[in-house]
Amino acid sequence: MNKNMKILIVDDFSTMRRIIKNLLRDLGYNNTSEADDGHTALPMLQNGNYDFLVTDWNMPIMPGIDLLRAVRADPRIKDLPVLMVTAEAKREQIVEAAQAGVNGYIVKPFTAETLREKIDRIFERLEQNG
Amino acid sequence: MDKSQDSDKEALFKKEQLERARELVQMMEAGQEDKAGHLIEELGRMHESMLFQELGKLTRDLHEALNSFRLDTRLSELTHQDIPDAKERLNYVVAMTEQAAHRTLNAVEDNLPVAESLATRAGELGAEWTRFRQREMSLEEFRQVSQQLSDFLADTERDADKLRKGLSEVLMAQDFQDLTGQVIRRVMTLVQDLEDNLVGLVRVSGQRLTKPETDHRPADPRKDAGPASAGTGPAVSGTSDKGEVVSGQDDVDDLLSSLGF
């Protein structure tokens, strides 16, 4: 897996962005950027050549599920792998995210090990399918 | 204001009626039968319009009473469900922050002695090393120090890893700010909602003193929003949070794999 891949971390809480950024750095991914909701993230994704998106769900203005749908609807970035890291833990929401085309789903609170495992899994599958 | 206006109107109405009655008597005495007939009709109409005005006012009062009743049901929902829920949510915040503080303090307490011991041993070995460089050390002593140095390097590697894990633990413990922040925001929305409803209630109760209002705002739009698309933050047990909630990451993984993931 490419450790230099460009990753966008989207969460409205800066503390959570820092946690995820530090965990990713621990895993060897140093090329990360941050956005505080879907509305600011979308133009960054459209123009930034990102390789991977890690997003929260519950955010002001544009929640993560809408960001996911917007990504899948944009031909330029529709294949971007998306990992959702969220406190939303209702079964119907997880199903909703799966139907919207999410690549992985982590419920908060989570562990560093869970994050590593899900990222590995996502890129293993992409390699198998690609 | 309304009451004094009403009594003013009534007084004016009576005065007018009395004037017309006097006119009527004068006309009848003067034998003006036609004019008198018209005046009698007019008097009847005046009475009718007064009646319609009263009826209009009653209708308006009924409308207001019904509206205030609707506000009352939202208020009762707030007091019966949302306020107790908010207490549970704030309890969750207290528990989460306490847990995070303990997690952080435990990591600090576990790792401070490790850092202290590393510093002490490095200091001691540093002193020995200086003696060696100044050739103040016998061969036998040097053999001992050499062994200590080798042990110290091995221990440093082990302890540095322990410190790294401790710091990661402190890092992860900070996730409480996101989780409790979402819950607190939700409670703040509730407080705002409660305030709006109380203001509405006061306005309705005071409406007899002011002009009738027609711009009653519709019910909270968030209540009608689809299936949690906007996100609601962490589900707190013991509240009315609806829907089936997964119990952890394993549950999520099972659900996703059942969906072909």
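Residues numbered from 1 in each chain as written. Chains lettered and ligands numbered in written order. Predicted model: local features only at pLDDT ≥ 70, side-chain atom pairs only at ≥ 80, totals over all residues. Heavy atoms only, no water.

For chain B, an unreviewed UniProt entry supplies the name Protein phosphatase CheZ and the organism Ectothiorhodospira haloalkaliphila. UniProt, in its Function (unreviewed entry) section for chain B, records the words "Plays an important role in bacterial chemotaxis signal transduction pathway by accelerating the dephosphorylation of phosphorylated CheY (CheY-P)." Under the Subcellular location (unreviewed entry) heading, UniProt states for chain B: "Cytoplasm". (UniProt positions renumbered as here; feature names shortened; annotations may be inferred.)

S.K.: Talk me through the pairing of strand 4 (residues 82-86) of chain A; I want residue IDs and the actual numbers.
M.R.: All names here are of chain A. Along strand 4, five of the five residues are buried, which leaves the element largely enclosed by surrounding structure. Strand direction decides the pairing type here: strand 3 (residues 52-55) and strand 4, joined by three bridges, are parallel. Residue pairing in the sheet places Thr55 in a bridge with Met84 of strand 4. Handedness of the β-α-β unit built from strand 3, helix 3 (residues 64-73) and strand 4 comes out right-handed. Strand direction decides the pairing type here: strand 4 and strand 5 (residues 104-107), joined by four bridges, are parallel. (Buried < 20%, exposed > 50% of the residue type's maximum accessible area, 1.4 Å probe, protein only. Helix = DSSP H or I, 4+ residues; strand = E, 2+ residues; numbered from the N terminus. Pairing = 2+ DSSP bridges. Right-handed = clockwise from strand over helix to strand, strands pointing away.)

S.K.: Which residues make up the pattern of salt bridges, and what values do they have?
M.R.: Enumeration according to the criterion identifies 30 salt bridges over all chains in this entry. In this structure, the salt-bridge partner of Glu96(A) is Arg69(A), at a minimum N-O distance of 3.0 Å. In this pair, Glu96(A) is assigned in helix 4 (residues 91-99) and Arg69(A) in helix 3, connecting sequence segments 27 residues apart. Residue Arg69(A) is classed as partly exposed on the basis of its relative accessible area, which comes to 35%. The shortest N-O distance in the salt bridge between Asp85(B) and Arg89(B) comes to 3.7 Å. With Asp85(B) and Arg89(B) both in helix 2 (residues 33-133) and four residues apart, this pair spans about one turn of that helix. For the pair shown, Asp85(B) and Arg89(B) are each scored as buried. (Salt bridge = Lys/Arg side-chain N within 4 Å of Asp/Glu carboxyl O.)

S.K.: So what's going on with unusual backbone geometry? Residues and values would help.
M.R.: A cis amide bond links Lys108(A) with the next residue in sequence, Pro109(A), at an omega value of -5 degrees. Structurally, Pro109(A) can be placed in the loop between strand 5 and helix 5 (112-129). The residue Asn49(A) is not glycine, and still its phi comes out positive at about 55 degrees. Inspection of the secondary structure assignment puts Asn49(A) in the loop between helix 2 (38-48) and strand 3. The backbone of Arg135(B) sits at a positive phi, close to 55 degrees, despite the residue not being glycine. With respect to the secondary-structure elements, Arg135(B) resides in the loop between helix 2 and helix 3 (139-173). A relative accessible area of 77% means that Arg135(B) is categorised as exposed.

S.K.: How would you sum up the interface of chain A and chain B? Please name residues and give values.
M.R.: Listed per partner, the contact involves 38 residues of chain A and 35 residues of chain B. Interface area for chain A against chain B, summed over the two sides, is near 3100 Å², with a carbon-plus-sulfur share of 58%. Contact with chain B buries surface across chain A, with Phe13(A), Lys90(A) and Arg91(A) losing the most and accounting together for 22% of the total. Summed over the shared surface of chain A and chain B, the result is five salt bridges. The partner of Asp26(A) in a salt bridge is Arg164(B), with the nearest N and O atoms 3.9 Å apart. Inspection of the region where chain A meets chain B yields 12 residue pairs in polar contact (both at pLDDT 80 or more). At the level of secondary structure, the elements contributing two or more residues to the side of chain A that touches chain B comprise helix 1 (14-26), helix 4, strand 5 and helix 5 of chain A. Broken down by element, the residue count for the side of chain A that touches chain B peaks at seven residues, all from helix 4 of chain A. Within the side of chain A that touches chain B, the residues separate by chemical class into 19 nonpolar, seven polar and 12 charged. (Contact = heavy atoms within 4.5 Å. Buried area = accessible area lost by both parts, 1.4 Å probe. Polar contact = N/O pair within 3.5 Å; in protein donor to acceptor, adjacent residues only side chain to side chain. Nonpolar A, V, L, I, M, F, W, Y, C, P; charged D, E, K, R; others polar.)

S.K.: Before we move on, could you go through the environment of Leu43(B) and cite the residues and values that matter?
M.R.: Residue and element names in this part refer to chain B. Secondary-structure assignment places Leu43 in helix 2. Overall, Leu43 belongs to the buried group, its relative accessible area being 18%. The spacing of Leu43 and Leu24 is 19 residues in sequence and 10.0 Å in space, taken between C-alpha atoms. Contacts of Leu43, omitting those with residues within four sequence positions, involve Gln17 and Arg20.

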